[in-house]
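Single-letter residue listing:
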Amino acid sequence: MHSVVEDKDLLTEILLRLAVKDLLRYKCVCKKWLSVISEPQFCNRHTLGLCRNHKLYASGMLLQETEDCLILKKARITPFTNNSNNRFTYLHLHNEFDGLLYYRILQSCNGLLLWDSAPIQWPSPPYDVEVKKFLQGCRYFYISNPSTGHCVRIDQFGYKIHHPNFSNPVLIFEPWKSPHYKIIFFAKVVELATNKMKMNVYSSNTGSWNKVDVLTFPNDIRYFRNNGVYCNGAIHWYDVVDDRSKVYFDIDGLCFKNYFPALPIPPVPPYYKQLAELYLGNSGENLYMIVQKNDDPLKLIYGIWELKKDYSEWIVRFHVDLTTFEAGTFDVDAFDVVRQPPNDEHEQEDSILAILIINRTKLVAYNLKDHSSRILYEEDRFYPPSFHHHYFETLTSILPSY
């Protein structure tokens, strides 16, 4: 044991093979282990070891209720493997205006969370000195790692929440490409009679914001009211009702695509009559939609659709009929799709889970391949959460700014 402790390289190689939860405990063994496990280089190497084929697999769900966004600043972590291990993650920060603000998780991306803060009640103008100070204290984004509890505060760079000329911010973190993350949001700038679009980019590599001109953009940007979904170098917006709001932004090309090859309009199967509800999300570098029948009041029949890599069409990956799922099932809310690694080494394809709320009492992971299910969480009354995101257990390093 003594020789291992003294040999840093050997100790590092051993620790790199351990799970995140074990490493967090082993920080307490001795100062040497604490030093090794806390090094950013070690954290990044460990995260890379979790990546498979340029992707990370979510290990659970993050569920946030409206009241959790207020003073508590927390979200429930519900792992996929053990329903007795539910716990909460907190945004560890202090703001002199706590109690007057809510803190909401905007996005989750490969082990990092993007939060924002806003007043519980917006004051009315004109603003005096104290109100201006209060509003200035609200204008921050926060990046956190829910596994380690580390948090970084980032200025919002003129971002205006709920403003029609501003998109929602998007977090981009791909550890197999870079240990650094980015925050992106778009702002429509009106100068005289000319409309311009700016892409505002924060990079953790430089610790600063940068404005970039967008080469092409549509005049109608009302799809900005929806959260953009990042996948494979592009940010996607989709509105099942409005055809003009099926669009994506090519980050490298600095242009919007609301023409061919834009996001295709999905075909409507005869048994659906018309699309009723929509979920759009990314898992394992694939875009998915959940579509439910508008004439199914119990929401027991729905489809899981996947977008082809070339944007040519949506593929109906699964048609799910839960009318025979379980005796006593009378109400289902399907609100997420998550890719998981193959069940054993002999399988080639990933498993795909639909996250369901059954009878307003149980949170269930339903395997779309073998039709097995697992209860993740259960209580007397469980409504769909206000916000939900994927949880990735990593040691990804972010240095606190305060």
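From a predicted model like this one, the values you see are computed outputs, not experimental measurements.

Backbone geometry follows two general trends: most residues other than glycine have a negative phi, and most peptide bonds adopt the trans configuration. Residue Pro 126 is reached from Pro 125 by a cis peptide bond, and omega for that bond is 0°. One can find Pro 126 in the loop between strand S5 (112–119) and helix H6 (129–136). A positive phi angle, close to 55°, is found at Phe 157, a residue other than glycine. For Phe 157, the position within the fold is in the loop between strand S7 (151–155) and strand S8 (170–172). If you check the backbone angles, His 371 has positive phi at about 65° while not being a glycine.

In this section: the pattern of salt bridges. Counted by the stated rule, this structure contains 16 salt bridges. The shortest N-O distance in the salt bridge between Glu 174 and Lys 177 comes to 3.3 Å. Classification of Glu 174 as buried rests on a relative accessible area of 10%. Judged by relative accessible area, which is 57%, Lys 177 ranks as exposed. With a shortest N-O distance of 3.8 Å, Glu 306 and Arg 339 are connected by a salt bridge. Of this pair, Glu 306 sits in strand S18 (residues 301–307) while Arg 339 sits in strand S20 (residues 332–340), placing them 33 residues apart in sequence. On the accessibility criterion, Glu 306 (11% relative accessible area) is buried. Among the charged side chains, a salt-bridge network with shared partners connects Lys 55, Glu 306, Arg 317, Arg 339 and Asp 350.

With that settled, consider the packing of helix H2 (residues 8–15) against helix H4 (residues 31–38). Two elements in contact, H2 and H4, have axes separated by 11 Å at closest approach and are oriented at 65°. You can see that H2 and H4 cross each other, and the crossing is right-handed. In contact with Lys 8, Leu 11, Thr 12 and Leu 15 of H2, H4 contributes Lys 32, Trp 33, Val 36 and Ile 37.

The next point concerns the packing of H2 against helix H5 (residues 40–50). As a packed pair, H2 and H5 sit with axes 10 Å apart at the nearest point and diverge in direction by 40°. Considering their axes alone, H2 and H5 lie oblique with respect to each other. As H2 packs across H5, the resulting crossing turns out to be right-handed. Listed contacts from H5 to Thr 12, Glu 13 and Leu 15 of H2 are Phe 42, Arg 45 and His 46.

Moving on to the environment of Glu 96. Looking at the element boundaries, Glu 96 is found in the loop between strand S3 (87–90) and strand S4 (101–109). Residue Glu 96 is classed as exposed on the basis of its relative accessible area of 57%. Linking Glu 96 and Gly 137, residues 41 residues apart in sequence, is a C-alpha distance of 8.1 Å.

Further remarks concern the sheet that holds strand S23 (residues 373–378). In a beta sheet, neighbouring strands are held together by backbone hydrogen bonds and run either parallel or antiparallel to one another. Taken together, the four strands give an open sheet; going across it, the order is S20-S21-S22-S23, and neighbouring strands pair in antiparallel fashion. The open sheet has two free edges, formed respectively by S20 and S23, since each of these has just one partner strand. Here the strands of the sheet are splayed against their neighbours by 25° on average, with no regard to which way each runs. Bridge count between strand S21 (residues 351–358) and strand S22 (residues 362–367): six bridges; the pairing is antiparallel. Pairing of Leu 353 across the sheet is with Asn 367, part of S22.

Among the nonpolar cores identified, the biggest contains 23 residues, and Phe 141, Ile 143, Ile 154, Leu 171, Tyr 181 and Ile 183 are the most heavily contacted of them. Listed by contribution, the elements that provide at least two residues to this core are S4, S5, strand S6 (140–144), S7 and strand S9 (182–191).

Looking now at the sheet that holds S7. Spatially, the four strands line up as an open sheet ordered S4-S5-S6-S7, and their pairing is antiparallel. The open sheet has two edge strands, S4 and S7, and neither has a second partner. The sheet shows a mean angle of 25° between the axes of neighbouring strands, direction not considered.

All of the buried residues along H5 are Phe 42, Cys 43, His 46 and Thr 47. Taken down its axis, H5 places every buried residue within 135° of arc, on the same side. Residues of H5 that are buried in the fold lie against H2, helix H3 (20–26) and H4.

Two elements, S22 and S23, share five bridges in a ladder whose sense is antiparallel. Looking at the pairing, Ala 365 lines up with Arg 374 of S23. Where S22 folds back on S23, the antiparallel hairpin that results is connected by five residues, among which His 371 adopts a positive phi of roughly 65°.

Analysis parameters
- Residues numbered from 1 in each chain as written.
- Predicted model: local features only at pLDDT ≥ 70, side-chain atom pairs only at ≥ 80, totals over all residues.
- Heavy atoms only, no water.
- Helix = DSSP H or I, 4+ residues; strand = E, 2+ residues; numbered from the N terminus.
- Salt bridge = Lys/Arg side-chain N within 4 Å of Asp/Glu carboxyl O.
- Buried < 20%, exposed > 50% of the residue type's maximum accessible area, 1.4 Å probe, protein only.
- Axes fitted to C-alpha atoms, helices over the stretch in contact; angles between N-to-C directions.
- Left-handed = near helix turned anticlockwise from the far one by under 90°.
- Contact = heavy atoms within 4.5 Å.
- Parallel < 35°, antiparallel > 145°, perpendicular 65-115°, else oblique.
- Pairing = 2+ DSSP bridges.
- Core = buried A, V, L, I, M, F, W, Y, C linked by side-chain atoms within 4.5 Å.
- Arc of directions from axis to C-beta.

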